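# Observations on chain architecture
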Amino acid sequence: MKFDDEPVPGYSLPILPGHVSPGRLERVLRAGKFAITTELDPPDSADPAEVLKRAAIFDGYVDAINATDGSGANCHMSSVGVCSLLTRVGYATILQISCRDRNRIAIQGEILGAAAMGACNLLCLTGDGVQAGDHPQAKPVFDLDSMSLLEIARTMRDDCRFQSGRQITVPPRIFLGAAENPFVPPLDWRPHRLAKKIAAGAQFIQTQYCFDVPRLKDFMLKVNDLGLLEGPDRVFILPGIGPLASARSARWIRENVPGVHIPDNVITRLEGASNQKEEGKQLCMDILHQIREIPGVSGAHLMAYRQEHTVADIIEQTGVLEGRVPWYPGRDNPADLNPESPDALQGTLEQNP
Amino acid sequence: MYRVRRWVVRHARFFERIYHAFEPMLVRLAPLFSRLGYERIEAPVKAVEKGVKGLLFDCQMCGQCALSATGMSCPMNCPKSLRNGPCGGVRANGHCEVKPEMRCVWVEGWEGSLRMKHGNLIHAVQQPVDFRLKDSSSWLRVVRQQVDQAREQGQNGGAE
Ligand code: SF4
C-alpha cells in the first residue's frame, strides 16, 4: 500500500485521526489490509550491519519487524538496539519488552528511549522463564506482568504519566500489542483473558504459533461474541504461523519450547512427506490460507526462525498481500539507500537531524 | 502445602464464604486495633495471618492479598508471580512451564473462580505488586482501608 505521505527514512508519518501512533503497522491495520509481521533473529554480536542484513531478507514482504527481547530466555542483542538500528533506515519495528529481565523503572525508561528512536509499536510480554534459556542461573525479575505493563504503557502514552504519577512532557506515541496463546489451557479462559488485555490497553495481538486451525477458529468465535473486534477499542489479531523444518524438529519443539501446541496430525503429515522441509513450508502456506478466511483475523505474524529466507516465498505464493508491496528502504528510489553501506546510514542521519 | 492448597481451591466457594464473614468481624475490631496501636499489633497479627494463610494457600505474604480475585489460588506461587492470569507457557496437561511437577497456579485459579459466587472478579486487571508491603499484614491493611473509606464517605455525606 502506498500512502501519499510515505516516509523519508527515519521520519515519522503524521498521526491520523483515531490513530495513536505515527507508524505504518497501525495504518495498514486500520485501513483494513491483511498485515504481515515477522520476527528478526537478533545477532549475538555488536555489529549493526548484521542487523540490517537480517532485516533486508524481508524487504517488500512485511509490514513490521518484531525485535525480540531475549526470546526463549536466551541472551542476544537487545530489542531497543535492534529497533534503533532499523528505524534509522525507515523500517517499521515492533519493540518487544518482556517482564522477565527488568523492573518497572528500567522498562518505562526503555519505552521512552525506544519511542524517541522511532519505535511506534510495543509488544508487551510476560517472557519465558529463565529455566528455558542459556542463563538458567539468572534472577527472574517479573516486577510487572504483561497486563500491568500494558496498563503502564497506556498511561504513559495517554495520560503522560509514569506509574509513579510523575509527568512525562512528550509521551511515547506507541501502538500497543500483546501476545496470546489460544492453544494451551485453560482454553475456555483464553478469550476472556484477551478481553482483559484489551481492557489494559492492547490494540493488536500476535499469537503463539498456530498449528491447530480449528482451535483458533473456536477462539476467534468467542472473541467475536465478546464484541472485541468492533468499536473504537477493537483489537487486531495476527495469528502466529511458521514453517516446521521436519517431523523431528516439530517433536523437539513440542517437547522443549514452552507453549507451542503441535497436534499429532501435523507430525504425521510431515513424516509422510518425501521432502519434509518442503512439506513444512506447504503446511505453513495452507494454514495461512485457512486463517485468512477466519472472520476477524487481521493479518499474520510469520515466525520463520532459521528459515527466514522462506518468508518471501510463503508470502509470494499465497498472495496474501494482494499485490501490496510494504515499504522498505530503497523501495521507491533504489539510490535512496543501500542498507549495508555505512554512507547511507550517515546520509539518513544528516537528512534528519 | 501443595496438597492443602489444591484442596482449598476445590472448595473455593466455601472459603469465599468464610472470608466474607471474617472480614466484617475484623473491621468491627478496628476501634480495639487503633486503641492498641496498629504498629504494636502488626507483628502478632502478621504471625497469625502467616500461619493460617501459609497453611491453607501457601501464602507468600505479599501484603496485598488478591485471593478473592484469583479463585483462591495464591498468584505468588506462580514462578513468574503473575497477578493477572496464566502465561502462554502452560503445558497441555495444565501444569506449569517452569515447574512441570506443579499444576499451573492460574489453571487452578480459573477452576476456583468458576466455583465462587464472585468469581468474575478474576476478570479485573490487578495492579502490580507494591514491594514495600511485602511481609506485612494484609488483614490490617484491609481494616484500615475500610475504616478510612467509611470515614471519607461519612465526611462527604455530612458536607452535602
Ligand atoms: S504456567 Fe502458570 S504457574 Fe507456571 S509460570 Fe505460567 S502462569 Fe505461572
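For clarity, every value in this text was computed on a predicted model and none was experimentally measured. Throughout, residues of each chain are indexed from 1 in the direction in which the sequence is written. The order in which chains are written sets their letters, starting at A; the order in which ligands are written sets their numbers, starting at 1. Side-chain atom pairs in this predicted model are given and counted only at pLDDT of 80 or more, local residue features only at pLDDT of at least 70, and totals for whole chains, interfaces and linings cover all residues. Just so you know, side-chain values use all the structure's heavy atoms and leave hydrogens and water out.

## Re the overall build of chain A
Here a helix means four or more residues in a row that DSSP labels H or I, a strand means two or more in a row labelled E, and each is numbered from the N terminus. A count of helices and strands for chain A gives 12 helices and 8 strands. With C-alpha atoms as the basis for the radius of gyration, the globule rule is written as 2.2 Å multiplied by the number of residues raised to the power 0.38. For a compact globule of 353 residues, the expected C-alpha radius of gyration is about 20 Å, and chain A comes in at 19 Å, within 12% of that figure. Expressed along its principal axes, the backbone C-alpha trace of chain A runs to roughly 55 × 45 × 45 Å. When burial is assessed residue by residue, chain A has 57% of its 353 residues classed as buried. Counted over contacts in chain A with a minimum sequence separation of 6, partners at least 24 positions apart contribute 76%. The Shrake-Rupley method, run with a 1.4 Å probe, gives the accessible areas here. Residue values count only the displayed protein chains as cover. Accessible surface, chain A: about 14400 Å² in total, of which carbon and sulfur atoms supply 51%. Counting 35 positive and 44 negative side-chain charges, chain A places the averaged centre of each group 4 Å from the other. Partly exposed residues are those whose accessible area sits between 20% and 50% of the maximum for their type, while under 20% is buried and over 50% is exposed, using a 1.4 Å probe and protein chains only. Note on definitions: a residue-residue contact is assigned when non-hydrogen atoms from the two residues lie within 4.5 Å. Charged-residue counts in this description rest on Lys and Arg as positive and Asp and Glu as negative, His and the chain ends being excluded. The atoms used to mark charge sites are NZ of Lys, CZ of Arg, CG of Asp and CD of Glu.

## Describing the pattern of salt bridges
Residue and element names in this part refer to chain A. What counts as a salt bridge is simple: a side-chain nitrogen of Lys or Arg found within 4 Å of a carboxyl oxygen of Asp or Glu. Taken as a whole and judged by the stated rule, the model has 29 salt bridges over all chains. The residue Arg-100 makes a salt bridge to Asp-101 at a minimum N-O spacing of 2.8 Å. Given the relative accessible area of 2%, Arg-100 is considered buried. The exposure class assigned to Asp-101 is partly exposed, which follows from its relative accessible area of 37%.

## Brief notes about the confidence of the model for chain A
Per-residue confidence from the predictor is given as pLDDT, running between 0 and 100. Residues at a pLDDT of 70 or more form 92% of chain A, whose mean pLDDT is 92. Low pLDDT, under 50, characterises residues 339-353 of chain A; the stretch is placed with 17 contacts to residues that sit more than four places away or in other chains.

## So, a nonpolar patch on the surface
Patches here: salt-bridge-free residues with over 30% relative accessible area, like charges joined within 9 Å, nonpolar side chains (Val, Leu, Ile, Met, Phe, Trp, Tyr) joined within 5 Å. A cluster of nonpolar side chains, Leu-29, Leu-32 and Leu-36 of chain B, forms an exposed patch at the surface whose accessible area comes to about 230 Å². Within the secondary structure, Leu-36 of chain B sits in helix α3 (residues 30-36).

## Regarding the side chain of Ser-137 of chain B
Residues and elements named next belong to chain B. Among the structural elements, Ser-137 can be located in the loop between α5 (105-115) and α6 (138-159). A 3.5 Å cut-off defines polar contacts: any pair of N or O atoms within that distance qualifies, except that in protein one atom must be a possible hydrogen donor and the other a possible acceptor, and neighbouring residues in sequence count only when both atoms are side-chain atoms. Reaching out from Ser-137, the side chain makes a polar contact with the side chain of Glu-49 at a distance of 2.7 Å. Polar contacts involving the side chain of Ser-137 include one to the main-chain amide nitrogen of Leu-140, which spans 3.1 Å. Residues contacting Ser-137, with those up to four places away along its chain left out, are Glu-42, Val-45, Lys-46, Glu-49 and Met-61.

## Side note on the sheet that holds strand β6 (residues 204-209) of chain A
Residue and element names in this part refer to chain A. The sheet built from 8 strands closes into a barrel, its strands ordered β1-β2-β3-β4-β5-β6-β7-β8 with parallel pairing. The average angle at which neighbouring strand axes cross in this sheet is 25°, direction not considered. Where strand β7 (residues 236-241) and strand β8 (residues 299-302) come together, 2 bridges link them in parallel fashion. Bridge assignment links Ile-241 to a residue of β8, and that residue is Leu-302. The pairing criterion for strands is at least two bridges between them, as found by DSSP. Note on method: axes are straight lines fitted to C-alpha atoms, helices fitted across the in-contact stretch only, with angles between N-to-C directions ranging 0 to 180 degrees.

## Structural notes on helix α3 (residues 79-88) of chain A
Residues and elements named next belong to chain A. In terms of residue burial, α3 counts as a mostly covered element, since 8 of its 10 residues are buried. What α3 keeps buried is the set Ser-79, Val-80, Val-82, Cys-83, Ser-84, Leu-85, Leu-86 and Thr-87. Where α3 is buried, its residues contact β1 (35-40), α2 (48-56), β2 (64-67), β3 (93-98) and α4 (104-116). One or two residues past the end of α3 sits Gly-90, with phi positive at roughly 105°.

## A short note on the side chain of Glu-49 of chain B
With respect to the element layout, Glu-49 of chain B can be found in helix α4 (residues 38-57). In this view, Glu-49 of chain B contacts Gly-54, Met-61, Ser-137, Ser-138 and Trp-139 of chain B; residues no more than four positions away in its chain are not counted.

## With respect to the pairing of strand β4 (residues 121-125) of chain A
Residues and elements named next belong to chain A. Most of β4 sits inside the fold, with 5 of its 5 residues counted as buried. Burial along β4 is two-sided: the residues Asn-121, Leu-123 and Leu-125 and Leu-122 and Cys-124 are all buried. Relative to β4, β3 is paired through 5 bridges, and the arrangement is parallel. Bridge assignment links Gln-96 to a residue of β4, and that residue is Leu-123. Clockwise travel from the first strand over the helix to the second, with the strands pointing away from the viewer, marks a crossover as right-handed. Since β3 and β4 lie parallel, the crossover through α4 that links them has a hand, and here it is right-handed.

## Topic: the site of the ligand
If even one non-hydrogen atom of a residue comes within 4 Å of a molecule or strand, that residue is called near it. Neighbouring the ligand are the residues Cys-78, Pro-79, Lys-80, Leu-82, Pro-86, Cys-87, Val-90, Cys-96, Glu-97, Cys-104, Val-105 and Trp-106 of chain B. Across the shell around the ligand, the residue classes tally to 10 nonpolar, no polar and 2 charged. All residues other than Ala, Val, Leu, Ile, Met, Phe, Trp, Tyr, Cys, Pro, Asp, Glu, Lys and Arg, Gly among them, are scored as polar; the first ten of these are nonpolar and the last four charged.

## A few points about the interface of chain B and chain A
If you look at the interface, chain B gives 30 residues, while chain A gives 27 residues. Here chain B and chain A share an interface that buries about 2300 Å² over both sides, 58% of which is from carbon and sulfur atoms. Along the contact surface separating chain B from chain A lie 0 salt bridges. Between the two partners, chain B and chain A, sit 15 residue pairs in polar contact (both at pLDDT 80 or more). Looking at side-chain class alone, the side of chain B that touches chain A contains 17 nonpolar, 9 polar and 4 charged residues. Joining two parts hides part of their accessible area as seen by a 1.4 Å probe, and the buried area is that hidden amount summed over both.

## Topic: the state of the cysteines
Only a pair of cysteine sulfur atoms within 2.5 Å qualifies as a disulfide here. Taken as a whole and assessed by the stated rule, the structure comprises 0 disulfides over all chains. Looking at the unpaired Cys-59 of chain B, the closest cysteine sulfur is the one in Cys-74 of chain B, lying at 5.8 Å.

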